[in-house]
Amino acid sequence: DAKTTQPPSMDCAEGRAANLPCNHSTISGNEYVYWYRQIHSQGPQYIIHGLKNNETNEMASLIITEDRKSSTLILPHATLRDTAVYYCIVRNKIIFGKGTRLHILP
Amino acid sequence: DTEVTQTPKHLVMGMTNKKSLKCEQHMGHRAMYWYKQKAKKPPELMFVYSYEKLSINESVPSRFSPECPNSSLLNLHLHALQPEDSALYLCASSQVDLFANTGELFFGEGSRLTVL
């Protein structure tokens with residue numbers, strides 16, 4: 001199974017872009033990268049996923065490097081409600097890593 | 001309807017009790033999952049059902065017994081639990097199973113279990 005590595009915590013000022021990195025250097029060619037977040041005491045929430053190309057939806061953008069060994073989740077204008085733990089998961093095995101605890105600072 | 005509903009939201013039980021956690025979805029998803037989450041830790045996969053059949057058991061102790069009566073329902077039967085089993089139990093569903101590389105997980109809000 002492809003393993004992911006994320007920084008344990010990050011801070012971001014409210015209104016700025018939050019860029020959350022994820023390393024998945026052992027990813028296989030057919031494995032997608034999925035991002036979820038978990039706000040305190042709630043179930044995880046799906047954000048976005050991608051295979052090779054960059055992706056954007058109403059919540060975030062996902063940038064995947066050409067070699068697919070890493071990706072970055074971008075929250076373009078972070079708000080206090082974006083404070084959460086963000087998990088990067090490589091599909092085929094739904095194993096959550098430790099994630100990144102994102103603090104949005106007012 | 002994009003909801004996964006879990007009941008009860010909170011459960012307190014003694015070590016000799018038998019109880020069940022329930023999960024329901026009406027999105028037509030054919031894969032359903034149980035996760036266990038301790039405080040400040042990531043969710044830990046326990047079981048996966050695909051087309052009502054158990055496809056993954058992550059070496060979970062037999063005091064946890066999953067059941068999938070139909071494609072919309074998933075139960076977790078609890079018996080002779082230990083205090084260290086106290087945790088948030090999360091149910092999730094997805095459109096396809098683990099091995100098809102598509103389909104995001106939809107999570108319920110969880111059942112918070114306390115074992116005395």
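From a predicted model like this one, the values you see are computed outputs, not experimental measurements.

Trainee: Can you explain the pairing of strand β4 (residues 45–50) of chain A? Please cite residues and give values.
Mentor: Residues and elements named next belong to chain A. The pairing of strand β3 (residues 33–38) with β4 spans five bridges and is classified as antiparallel. Across the sheet, the residue bridging to Trp35 is Ile48, located in β4. Linking β3 back to β4 in an antiparallel pair, the connection comprises six residues, with Ser41 at a positive phi of about 70°.

Trainee: Can you lay out the packing of aromatic side chains for me, pointing to particular residues and giving the numbers?
Mentor: Taken as a whole and judged by the stated rule, the model has 11 aromatic pairs over all chains. An angle of 90° between the planes, with centres 5.5 Å apart, marks the rings of Phe96(A) and Tyr35(B) as edge-to-face. You can see Phe96(A) sitting in the loop between β8 (84–90) and β9 (100–105) and its partner Tyr35(B) sitting in strand β4 (residues 31–37), one on each of two chains. Grouping residues by exposure puts Phe96(A) and Tyr35(B) together as buried.

Trainee: Go over the state of the cysteines, please, and point to the residues and values.
Mentor: Per the stated rule, a full pass over the model turns up two disulfides over all chains. Through a disulfide, Cys22(A) is tied to Cys88(A); the S-S separation comes to 2.1 Å. One disulfide, between Cys22(A) and Cys88(A), carries an S-S torsion of -80° and so falls in the left-handed class. With Cys22(A) in strand β2 (residues 18–23) and Cys88(A) in strand β8, this pair connects stretches of sequence that are 66 residues apart. Owing to a relative accessible area of 2%, Cys22(A) belongs among the buried residues under this scheme. In this model Cys23(B) forms its disulfide with Cys91(B); the gap between the sulfur atoms is 1.9 Å. For the disulfide bridge between Cys23(B) and Cys91(B), the dihedral angle about the S-S bond is near -70°, and by the sign convention the bridge is left-handed. Here Cys23(B) is found in strand β3 (residues 18–25), whereas its partner Cys91(B) is found in strand β9 (residues 87–94), with 68 residues between them in sequence. In this structure, Cys23(B) and Cys91(B) share a single accessibility class: buried. No disulfide involves Cys12(A); its sulfur sits 18 Å from that of Cys22(A), the nearest cysteine.

The rules behind each value
- Residues numbered from 1 in each chain as written.
- Chains lettered and ligands numbered in written order.
- Predicted model: local features only at pLDDT ≥ 70, side-chain atom pairs only at ≥ 80, totals over all residues.
- Heavy atoms only, no water.
- Pairing = 2+ DSSP bridges.
- Helix = DSSP H or I, 4+ residues; strand = E, 2+ residues; numbered from the N terminus.
- Phe/Tyr/Trp six-rings, centres within 6.5 Å; stacked < 30°, edge-to-face > 60°.
- Buried < 20%, exposed > 50% of the residue type's maximum accessible area, 1.4 Å probe, protein only.
- Disulfide = S-S within 2.5 Å.

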